[in-house]
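Listed below are the residues making up each chain.
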Amino acid sequence: MTLLLDVDGWSGHRAGQHVDVRLTAEDGYQAQRSYSIASAPDAGMLELTVERIDDGEVSPYLTGDVRAGDQFELRGPVGGYFVWDPDVRGDVLLVGGGSGVVPLMAMARQRAADGDDVPTRLLYSARSWDVVIYRDELQRLTGNGFEPSFTLTRERPDGWTGYTGRVDDALLEQVVPGEPAATFVCGPTPFVEAVAAALVRRGHAPERIKTERFGPTGG
Amino acid sequence: MDGLRLDGNAAAGLLQDIFGMDVTVADGTCDGCGATEALGAVHVYLAAGTVLRCPHCESVLMSVVRSERRLWVDVRGVRSLELRTP
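Residues numbered from 1 in each chain as written. Chains lettered and ligands numbered in written order. Predicted model: local features only at pLDDT ≥ 70, side-chain atom pairs only at ≥ 80, totals over all residues. Heavy atoms only, no water.

**Things to note about the confidence of the model for chain B**
Residue and element names in this part refer to chain B.
- Summing up the model confidence of chain B, the mean pLDDT is 93 and the portion of residues at 70 or higher is 97%.
- Across chain B, the secondary-structure element scoring lowest on mean pLDDT is strand 1 (residues 5-7), at 93, and the one scoring highest is strand 2 (residues 27-30), at 98.
- Across the whole predicted complex the pTM is 0.94, and at the interface the ipTM reaches 0.90. (pLDDT = per-residue confidence, 0-100. Helix = DSSP H or I, 4+ residues; strand = E, 2+ residues; numbered from the N terminus.)

Written out as structure tokens, the structure is:
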């Protein structure tokens, strides 16, 4: 589910950053969660893509109960570590698991908006083709050095010619030819740790691999 | 425990409350093993409070507990912090 927000006094952001959304109940109880920003810095409206966790405290509101015109508290942008560097030279590798693709999408969008042709490969792992977020846009962005590839771990449509199975050493061997200048990995904690460990086993320098894990923090 | 492990990024907002600036790009040196990492790259565990641990030796670098009007910050595991000023 994608929300477009018009934020008063928004100072702009860098692709990869997140916001903290805080909801306050009538009795004063507060719940706060972090969501990655999906939009490119110059997109105008701030776009958040939120995955619904049914028994969560914040995502059911953001994906179900929220109405156009509602207001809620938002802090950000926060986090200057897991961000796209527009001056990067050399290949970039983006690896996303499930909704971990969201901050990577902001990077792909910024890259496209800048007319940047830095070779960028996105490896996106999803359970099935119908849960792949931004499918059409990712296909449209393809070219000018941007190359998305998909691996489906559970179900695949008839005639699927993309990759299948988890991101492991063998799959990385096929998708990633050499060592990129910069790598960003985002997804659930076990996914991120498995991918980062596999990259390090291939000899990639750990300091060039930036990770953003998201865990079961209650959604 | 692995499922609850996050990155320093996840604590970016909280750390900003404490330091008044983004410190996820600041380099912290672990008092346990002497390794230096950007705070955005350390391990974070969320429970009743927020605990930052060294990704190399898992020593506690910093812990923060928040109540309604107070923050308790323990930074004894950080030997030094190198901040970039604007």
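**Description of the packing of aromatic side chains**
Residues and elements named next belong to chain A.
- All told, the structure shown has 5 aromatic pairs over all chains when counted by the stated rule.
- Measuring from ring centre to ring centre gives 5.2 Å for Trp129 and Trp160, while their planes differ by 50°; the resulting arrangement is tilted. Taken together, the residues Trp129 in the loop between strand 7 (120-126) and helix 3 (135-141) and Trp160 in the loop between strand 8 (146-152) and strand 9 (163-164) connect sequence positions 31 residues apart.
- Take Trp160: its relative accessible area is 21%, and that puts it in the partly exposed class. (Phe/Tyr/Trp six-rings, centres within 6.5 Å; stacked < 30°, edge-to-face > 60°. Buried < 20%, exposed > 50% of the residue type's maximum accessible area, 1.4 Å probe, protein only.)

**Observations concerning the sheet that holds strand 7 (residues 71-74) of chain B**
Residue and element names in this part refer to chain B.
- With respect to topology, 5 strands assemble into an open sheet ordered 1-4-5-6-7, the strand pairing being antiparallel. Looking at strand neighbours, the two that pair on one side only are strand 1 and strand 7, the edges of this open sheet. Sheet twist, expressed as the average angle between the axes of neighbouring strands with direction ignored, equals 25°.
- Where strand 1 lies against strand 4 (residues 43-46), 3 bridges are found, and the strand directions are antiparallel. In the strand pairing of strand 4, Arg5 is matched with Tyr45. (Pairing = 2+ DSSP bridges. Axes fitted to C-alpha atoms, helices over the stretch in contact; angles between N-to-C directions.)

**Quick word on the sheet that holds strand 2 (residues 18-24) of chain A**
- The strand order 3-2-5 (chain A) describes an open sheet built from 3 strands, whose pairing is antiparallel. Edge positions in the sheet fall to strand 3 (30-36) and strand 5 (73-78) of chain A, since each of these pairs with one other strand and no more. Averaged over all pairs of adjacent strands, the angle between strand axes in this sheet comes to 20°, irrespective of strand direction.
- Where strand 2 of chain A meets strand 3 of chain A, 7 bridges bridge the pair, whose relative direction is antiparallel. Along strand 3 of chain A, the bridge assignment pairs A:Leu23 with A:Ala31.
- Each of strand 2 and strand 5 of chain A is contacted by helix 1 (residues 12-19) of chain B, which is oriented at about 85° to strand 5 of chain A, the strand it contacts most. (Contact = heavy atoms within 4.5 Å.)

**A closer look at helix 1 of chain B**
- Regarding helix 1 of chain B, the residues found buried are B:Ala12, B:Gly13, B:Leu14 and B:Leu15.
- The elements touched by buried residues of helix 1 of chain B are strand 2 and strand 5 of chain A together with strand 5 (50-53), strand 6 (60-66) and strand 7 of chain B.
- A positive phi of about 75° marks B:Gly20, the residue just after helix 1 of chain B.

**Quick word on a nonpolar patch on the surface**
- Side chains of B:Leu71, B:Val73 and B:Val75 sit close together on the surface and give an oily, nonpolar patch of about 190 Å² of accessible area.
- You can see B:Val75 is positioned in the loop between strand 7 and strand 8 (78-82). (Patch = residues over 30% accessible without salt bridge, like charges linked within 9 Å, V, L, I, M, F, W, Y side chains within 5 Å. Areas by Shrake-Rupley, 256 points an atom, 1.4 Å probe, with all protein chains shown as cover. Salt bridge = Lys/Arg side-chain N within 4 Å of Asp/Glu carboxyl O.)

**Quick word on empty space enclosed by the protein**
All names here are of chain B.
- Tallied over the full model, the rule gives 1 cavity of 30 Å³ or more.
- Quantified by volume, the largest cavity comes out at close to 70 Å³.
- Lining the largest cavity, in full, are Gly28, Thr29, Cys30, Ala35, Thr36, Glu37, Leu39, Val42, Cys54, Pro55, Leu61 and Val78.
- A per-element tally of the lining of the largest cavity places strand 2 first, with 3 residues.
- In terms of residue class, the lining of the largest cavity is made up of 8 nonpolar, 3 polar and 1 charged. (1 Å grid on protein atoms, 1.4 Å probe; cavity = no way out; pocket = protein on both sides within 12 Å on 5 of 7 lines; lining within 4 Å. Points joined across faces, edges and corners; volume = space filled by probe spheres on them. Nonpolar A, V, L, I, M, F, W, Y, C, P; charged D, E, K, R; others polar.)

**Side note on the interface of chain B and chain A**
- Contact with chain B, which involves 21 residues of that partner, is made by 18 residues of chain A.
- Interface area for chain B against chain A, summed over the two sides, is near 1400 Å², with a carbon-plus-sulfur share of 47%.
- Of all residues in chain B, B:Leu6, B:Asp7 and B:Asn9 bury the most surface against chain A, accounting for 33% of the area lost on that side.
- Counting the contacts that link chain B with chain A gives 3 salt bridges.
- In this structure, the salt-bridge partner of A:Arg75 is B:Asp17, at a minimum N-O distance of 2.6 Å.
- Scanning the region where chain B abuts chain A turns up 10 residue pairs in polar contact (both at pLDDT 80 or more).
- Those elements that provide at least two residues to the side of chain B that touches chain A are strand 1, helix 1 and strand 4 of chain B.
- Residue classes in the side of chain B that touches chain A are distributed as 9 nonpolar, 7 polar and 5 charged. (Buried area = accessible area lost by both parts, 1.4 Å probe. Polar contact = N/O pair within 3.5 Å; in protein donor to acceptor, adjacent residues only side chain to side chain.)

**A word on the layout of surface pockets**
- Roughly 660 Å³ of internal volume is contained in the second largest pocket.
- Looking at the second largest pocket, it is lined by 23 residues, and the ones nearest its centre are A:Tyr81, A:Pro206, A:Ile209, B:Glu37 and B:Ala41.
- Residue assignment for the lining of the second largest pocket shows that the elements contributing at least two residues are helix 5 (189-201) and strand 11 (209-214) of chain A together with strand 3 (36-38) of chain B.
- For the lining of the second largest pocket, the residue count by class is 10 nonpolar, 5 polar and 8 charged.

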